[in-house]
Amino acid sequence: MHKSGSSSSFGPGGLDLTQAFFRPILSAAPPSPTKRHTKISVIGAGNVGMAIAQTILTQDLADELALVDAKSDKLRGEMLDLRHAAAFLPRTKITADVDYAITAGSDLCIVTAGARQMPGETRLNLLQRNVSLYRAIIPPLVKYSPETILLIVSNPVDILTYVAWKLSGFPSNRVIGSGTNLDSSRFRFLIADHLDVNAQDVQAYIIGEHGDSSVALWSSISVGGVPILSFLDKQEIAYEKETLENIHKEVIDGAYEVIRLKGYTSWAIGYSVANLARTLLRDQRRIHPVSVIAKGFYGIEGGDVFLSLPAQLGRSGVLGIANVHLNNEETQRLKASAATISELTSQLEI
């Protein structure tokens, strides 16, 4: 692929204008070697990958952004398109290549690449093809950025996060899946819409599988610090459980509706992943429902399984799991969700 690095030289002689254009001040010290340089790599330049890249740029989350994709022409086109917006964006070095060497020294590697399901293909066969794809992605990322955090976005995200963990050899705190972070955002929006409040004032989580067996934690929902179901009970305000189930179903069906209408999802997942990147790289220690190794939490035992739990995130990855109260029904549903994922994971050849 054509060399993608930026340059300060002009003309066939390669005249470097940097030294001519700027003169150093007297008695200046050299640049500090301790200056923090933040680098993010995005693997996969499809609709999701580019939405994430664009959001990272507009939110000024990185000093350097590296893009990797197998399609060199599209990759270079996307890189140039972003570079041409330099006058409207915070200063960020943008590079791109099909060679994973471009990701060297990344603080965060975001993987969006994944195989698409073919007509009539079983879910297990699709998963196995994604495992093969990940064998070509994860080891080079580990080679060039051995201290990075891996953030997996490709679907099925819980299983592929487990695959990435196995292939990387990383400690479990440095392999995270985007999980139900976006599902929880949809959940908060729907509750806020029903109550006519700001979604940022709604505390609500979807946990478990990023998929049909996800679990809505109704028992711990609060708005402005007020526990919703407890409040309704105390005020003797009747509500139907079916109404709650319908809201959860809207969360699950939300992505399918977007795909039906526009062909793919991109912007919401872009903001969701950028939100996670901010928490991780700026050590904000916020709690996000993301896919993590779940063994030993909420009664989940047996084999290693990744699913979404409310996790505190920071510069070293997963710092811990929040001890959110689950009622008996929610606990049983979470265990069932774990069993669903575990069954598929156990059939994979990694």
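Parameters at a glance
- Residues numbered from 1 in each chain as written.
- Predicted model: local features only at pLDDT ≥ 70, side-chain atom pairs only at ≥ 80, totals over all residues.
- Heavy atoms only, no water.
- Pairing = 2+ DSSP bridges.
- Helix = DSSP H or I, 4+ residues; strand = E, 2+ residues; numbered from the N terminus.
- Core = buried A, V, L, I, M, F, W, Y, C linked by side-chain atoms within 4.5 Å.
- Buried < 20%, exposed > 50% of the residue type's maximum accessible area, 1.4 Å probe, protein only.
- Contact = heavy atoms within 4.5 Å.
- Salt bridge = Lys/Arg side-chain N within 4 Å of Asp/Glu carboxyl O.
- UniProt positions renumbered as here; feature names shortened; annotations may be inferred.
- Patch = residues over 30% accessible without salt bridge, like charges linked within 9 Å, V, L, I, M, F, W, Y side chains within 5 Å.
- Areas by Shrake-Rupley, 256 points an atom, 1.4 Å probe, with all protein chains shown as cover.
- Lys, Arg positive; Asp, Glu negative; His and termini not counted.
- Charge placed at Lys NZ, Arg CZ, Asp CG, Glu CD.
- Expected span 1.5 Å × (residues − 1).
- Arc of directions from axis to C-beta.

**Observations regarding the sheet that holds strand β13 (residues 226–227)**
Backbone hydrogen bonds are what pair the strands of a sheet, in a parallel or an antiparallel way. If you trace the three strands from one edge of the open sheet to the other, you get β9-β12-β13, paired in antiparallel fashion. Both edges of this open sheet fall to β9 (202–203) and β13, since each of them pairs with a single strand only.

**Remarks on the pairing of strand β16 (residues 317–321)**
Sheet analysis places strand β15 (residues 306–314) next to β16, joined by four bridges and oriented antiparallel. Bridging from a neighbouring strand, A311 pairs with I321 of β16. What sits between β15 and β16 in their antiparallel hairpin is a turn of two residues.

**Remarks on the nonpolar core**
Among the nonpolar cores identified, the biggest contains 82 residues, and I40 and I110 are the most heavily contacted of them. When near neighbours in sequence (up to four residues on either side) are disregarded, I40 contacts I56, L61, A62, E64, L65, A66, L108, I110 and L281. Among the nonpolar cores identified, the runner-up in size contains 17 residues, and I191, V202, A204 and I221 belong to it.

**A short note on unusual backbone geometry**
In this chain, N155 is followed by P156 through a cis amide linkage whose omega measures 0°. Counting through the fold element by element, P156 comes out in the loop between β7 (149–152) and α5 (157–168). Of note in the backbone geometry, D60 takes a positive phi value of approximately 55° without being a glycine. Take D60: it is sitting in the loop between α2 (47–58) and β4 (64–68). Notably, R285 is not glycine yet its phi reads approximately 55°, a positive angle. Along the polypeptide, R285 turns up in the loop between α9 (267–281) and β14 (287–293).

**Section: the pattern of salt bridges**
Per the stated rule, a full pass over the model turns up seven salt bridges. Its salt-bridge partner being E78, residue K74 comes within 2.7 Å of it at the nearest N-O pair. With a gap of four residues between them, K74 and E78 both fall in helix α3 (residues 72–83), about one helical turn apart. In this structure K74 comes out as partly exposed when scored by relative accessible area, which is 35%.

**Thoughts on the UniProt feature "active site" (unreviewed entry) in the chain**
Listed under "active site" (unreviewed entry) in the UniProt record, and renumbered for this structure, are H210. The exposure class assigned to H210 is partly exposed, which follows from its relative accessible area of 26%. For H210, the contacting residues outside a window of four places in its chain are N155, V157, D158, G179, T180 and D183.

**A closer look at a negative patch on the surface**
A grouping of D193, D196, E250 and E257 is seen on the molecular surface, where their side chains present a negatively charged patch. Residue placement: D193 occurs in helix α6 (residues 181–195).

**Considering α3**
Between its first and last C-alpha atoms α3 spans 16 Å; for twelve residues at 1.5 Å apiece the expected length is 16 Å, and the two agree. Those residues of α3 that fall on the buried side of the exposure criterion are L75, E78, M79 and L82. Around the axis of α3, the buried residues are gathered within 100° of arc, so they sit on the same side. In α3, the exposed residues that point more than 90 degrees away from the buried face are D73 and D81.

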